[in-house]
Amino acid sequence: MNTLPYDEIHIEELEVFANHGVFPEETRLGQKFLISLILYTDSRNAGKTDCLEKSVDYGEVSKFVTEYTKSHPCRLIEAAAEHLAEELLLRYELLKGVTLELKKPWAPVGLPLKTVSVKISRFWHTAYLGLGSNLGDKRGYLDNAVRALDEAKGCHVERVSSYQVTEPYGGVEQDDFLNACLILKTLLTPEELLEKLHEIEQSAHRERIVHWGPRTLDLDILMYDDVVMETDELVIPHVEMHLRSFVLNPLREIAPNKRHPVIGKTVSQLADSLTE
C-alpha cells in the first residue's frame, strides 16, 4: 500500500451487470458485480478553485468503469480487476494510484456465502534508468531506446539527460561510451521493467559475451521510487551507481536532489564525493 499523503475519492459498490466467469453459464447469462474504488489524487487545486476540471470526476469514472467492465469480459475477477485498474491509471492523468475491490456476490461455488472479492492497489512509480552504447550508431541506439520506453504501455519518459562521452569502465579495451540517464514514470513492477529493458536491448542486437565488454545498448535500473530489493536477477538501487561518474553526472542533470535510499546522500552529493 502506498503511504504517500494522497487525497482520496471513494466510490462504493458500483453495481455492474457483466459476463465475467469461468463457467459457460456465467459468460452467457452474465451476473452482478460490485465495484468499489479509492482514487488517489491531489484534490487541493480542486478544493481551492471549486473547478471540476482540476479533480477526478467520479461521475465520469463511474460511467467508464461500468462500460469497460461490461465490454471486456474475463474468466477471472483477478484479471478483470487488474485490467480495469491499469486502464483507469492510463486514462485519468490526475490519478496517482487506485485501490479497487471487485465483488462477485453470485459466485457459483455451491456454498452459502455473501460474496467473493479481489482487492488490489496499483500506483504510478518513478524509475531512474542508465543508458549506454559504444558500438555502431551510439546516438541512434540511445534515441531508439528512449523512444521505445516512451511508447511502451504503462510507461512515460519524463526527462532525459544530455548524452555524454565517457571512457570505458571495467578494464576491457574498447571504444568510448555514449551515456545518459532518464526518469521514467511507469506502472510496471521492477521485474516487469527489467524484462522490458532486456527486450529493448535485444532489439538493438545486444550480446552479452564479455563482462563489461562492448555493447550496442546497455540499460540499467538505477533506482525505483525508494525501493531497496535484492534478488538473483535484480538489485535496486544499482549496486555500483554511487561509484560511477558516467552514471552520476548525467543523473545529476535531471535528478540532483534524488536521495539514494541506502546511502542517504543526494545524487549531487554522491557525484561531488566521487570527484573529491
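Computed from a predicted model, the values in this text were never measured in an experiment.

1. Describing the packing of helix α7 (residues 245-254) against helix α8 (residues 267-275)
Inference 1: Interaxial distance between α7 and α8 falls to 9 Å at its minimum, and their mutual angle equals 140°. The angle between α7 and α8 falls in the class oblique. Crossing handedness for the pair α7 and α8: left-handed. Judged by residue contacts, S245, L248, N249, L251 and R252 of α7 engage V267, S268, L270, A271, D272 and L274 from α8.
Inference 2: Residues of the contact of α7 with α8, tallied by class, amount to 6 nonpolar, 3 polar and 2 charged.

2. A look at a nonpolar patch on the surface
Inference 1: A surface patch of nonpolar side chains, about 250 Å² in accessible area, is lined by V22, F23 and L76.
Inference 2: In this fold, V22 is placed in the loop between β1 (7-18) and α1 (24-29).
Inference 3: Using a relative accessible area of 41% as the deciding quantity, one classes V22 as partly exposed.

3. With respect to the pattern of salt bridges
Inference 1: Considering all chains together, one arrives at 11 salt bridges under this definition.
Inference 2: A salt bridge links K103 to E13; the shortest N-O distance between them is 2.7 Å. Pair noted here: K103 is in strand β3 (residues 97-104) and E13 is in strand β1, with a separation of 90 residues, a long-range link.
Inference 3: The exposure class assigned to K103 is buried, which follows from its relative accessible area of 18%.

4. A word on the packing of helix α3 (residues 58-71) against helix α4 (residues 77-91)
Inference 1: In the contact formed by α3 and α4, the axes pass within 11 Å of each other and the chain directions differ by 140°. Considering the angle they form, α3 stands oblique to α4. With respect to the hand of their crossing, α3 and α4 are arranged in right-handed fashion. Here E60, V61, F64, V65, Y68 and T69 of α3 lie close against α4, whose contacting residues are H83, L84, E87, L88 and R91.
Inference 2: Counted by class, the contact of α3 with α4 contains 6 nonpolar, 2 polar and 3 charged residues.

5. Overview of empty space enclosed by the protein
In this approach the atoms are scanned with a rolling probe the size of a water molecule, which exposes any empty space left behind.
Inference 1: Summed over the entire model, instances satisfying the criterion amount to 2 cavities of 30 Å³ or more.
Inference 2: Considering only enclosed or pocket space, the second largest cavity measures out at about 60 Å³ in volume.
Inference 3: Lining the second largest cavity are H20, I35, Y68, T69, H72, C74, A80, A81, H83, L84 and L102.
Inference 4: Every element with two or more residues in the lining of the second largest cavity is listed here: α3 and α4.

6. Things to note about the pairing of β3
Inference 1: Within β3, 8 of the 8 residues are buried, which leaves the element mostly enclosed by the surrounding structure.
Inference 2: On β3, burial covers both faces: G97, T99, E101 and K103 on one face and V98, L100, L102 and K104 on the other are all buried.
Inference 3: Bridge count for strand β2 (residues 31-41) against β3 is 7 bridges, and the pairing is antiparallel. Paired with Y40 across the strands is G97, a residue of β3.
Inference 4: Pairing analysis gives 8 bridges linking β3 to strand β4 (residues 116-123), with the strands arranged antiparallel. Bridge assignment links L100 to a residue of β4, and that residue is I120.

7. Notes on a negative patch on the surface
Inference 1: There is a patch of like negative charges on the surface, built from E191, E192, E195, E230, D232 and E233.
Inference 2: Position of E233 relative to the elements: it lies in the loop between β10 (229-230) and β11 (235-236).
Inference 3: By relative accessible area, E233 is classed as exposed at 63%.

8. Details of the sheet that holds β4
Inference 1: Pairing is antiparallel in the open sheet, where 4 strands are placed in the order β1-β2-β3-β4. With one partner strand each, in any of the chains shown, β1 and β4 form the two edges of the open sheet. Ignoring strand direction, the axes of neighbouring strands in this sheet form an average angle of 15°.
Inference 2: The sheet strands contacting α3 are β1 and β2, and the helix crosses β1 at an angle near 35°.

9. Some points on the packing of aromatic side chains
Inference 1: Scanning the model with the defined rule gives 4 aromatic pairs in all.
Inference 2: Ring centres 6.2 Å apart and planes at 80° place the aromatic pair F64 and Y92 in the edge-to-face group. Of this pair, F64 sits in helix α3 while Y92 sits in the loop between α4 and β3, and the two are 28 residues apart along the sequence. Each member of the pair, F64 together with Y92, is buried.
Inference 3: Through a chain of ring-to-ring contacts, the aromatic side chains of Y6, Y40 and F123 assemble into a single cluster.
Inference 4: The ring of W124 has K185 lying over it, and the distance from NZ or CZ to the ring centre is 4.7 Å.

Criteria and cut-off values
Position numbers for residues start from 1 in each chain and track the written sequence from start to end. Selection of residues for local features in this predicted model requires a pLDDT of at least 70, selection of side-chain atom pairs for listing and counting requires 80 or more, and totals for whole chains, interfaces and linings are taken over all residues. Think of the side-chain values as coming from all heavy atoms in the structure, minus any hydrogens and water. Axis lines are fitted through C-alpha atoms, for helices just across the contact stretch, and the angle between N-to-C directions can take any value from 0 to 180 degrees. Helix and strand definitions follow DSSP, with helices as H or I runs of at least four residues and strands as E runs of at least two, each counted in order from the N terminus. Between 65 and 115 degrees an angle is taken as roughly perpendicular, under 35 as roughly parallel, over 145 as roughly antiparallel, and anywhere else as oblique. A crossing counts as left-handed when the near helix is turned anticlockwise from the far one by less than a right angle, and as right-handed when that turn is clockwise. Two residues form a contact once any of their heavy atoms are found within 4.5 Å. All residues other than Ala, Val, Leu, Ile, Met, Phe, Trp, Tyr, Cys, Pro, Asp, Glu, Lys and Arg, Gly among them, are scored as polar; the first ten of these are nonpolar and the last four charged. Each patch is built from residues lacking any salt bridge and having more than 30% relative accessible area; the joining distance is 9 Å for like charges and 5 Å for nonpolar side chains (Val, Leu, Ile, Met, Phe, Trp, Tyr). To measure how exposed things are, a 1.4 Å probe is used in the Shrake-Rupley method; for residues, cover is taken only from the protein chains shown. Every case where a carboxyl oxygen of Asp or Glu lies within 4 Å of a side-chain nitrogen of Lys or Arg is listed as a salt bridge. Accessible area is worked out with a 1.4 Å probe on protein chains only. A residue is then buried under 20% of its type maximum, exposed over 50%, and partly exposed in between. Cavity and pocket criteria rest on a 1 Å grid covering protein atoms alone: a 1.4 Å probe that fits but cannot get out defines a cavity, protein on both sides within 12 Å along at least 5 of 7 lines defines an open pocket, and an atom within 4 Å of a point defines a lining residue. Grid points are joined across faces, edges and corners, and a volume is the space filled by probe spheres set on the points. We treat two strands as partners when DSSP finds at least two bridges between them. Positive charges come from Lys and Arg, negative ones from Asp and Glu, while His and the chain ends are left out of the count. Taken as the charge centre is NZ of Lys, CZ of Arg, CG of Asp or CD of Glu, depending on the residue. Between rings of Phe, Tyr and Trp, where Trp is taken as its six-membered ring, a pair exists when centres lie within 6.5 Å; planes separated by under 30 degrees are stacked, by over 60 edge-to-face, and by other angles tilted. We count a charge as sitting over a ring when the NZ of a lysine or the CZ of an arginine lies within 6 Å of the ring centre and within 35 degrees of the ring normal.

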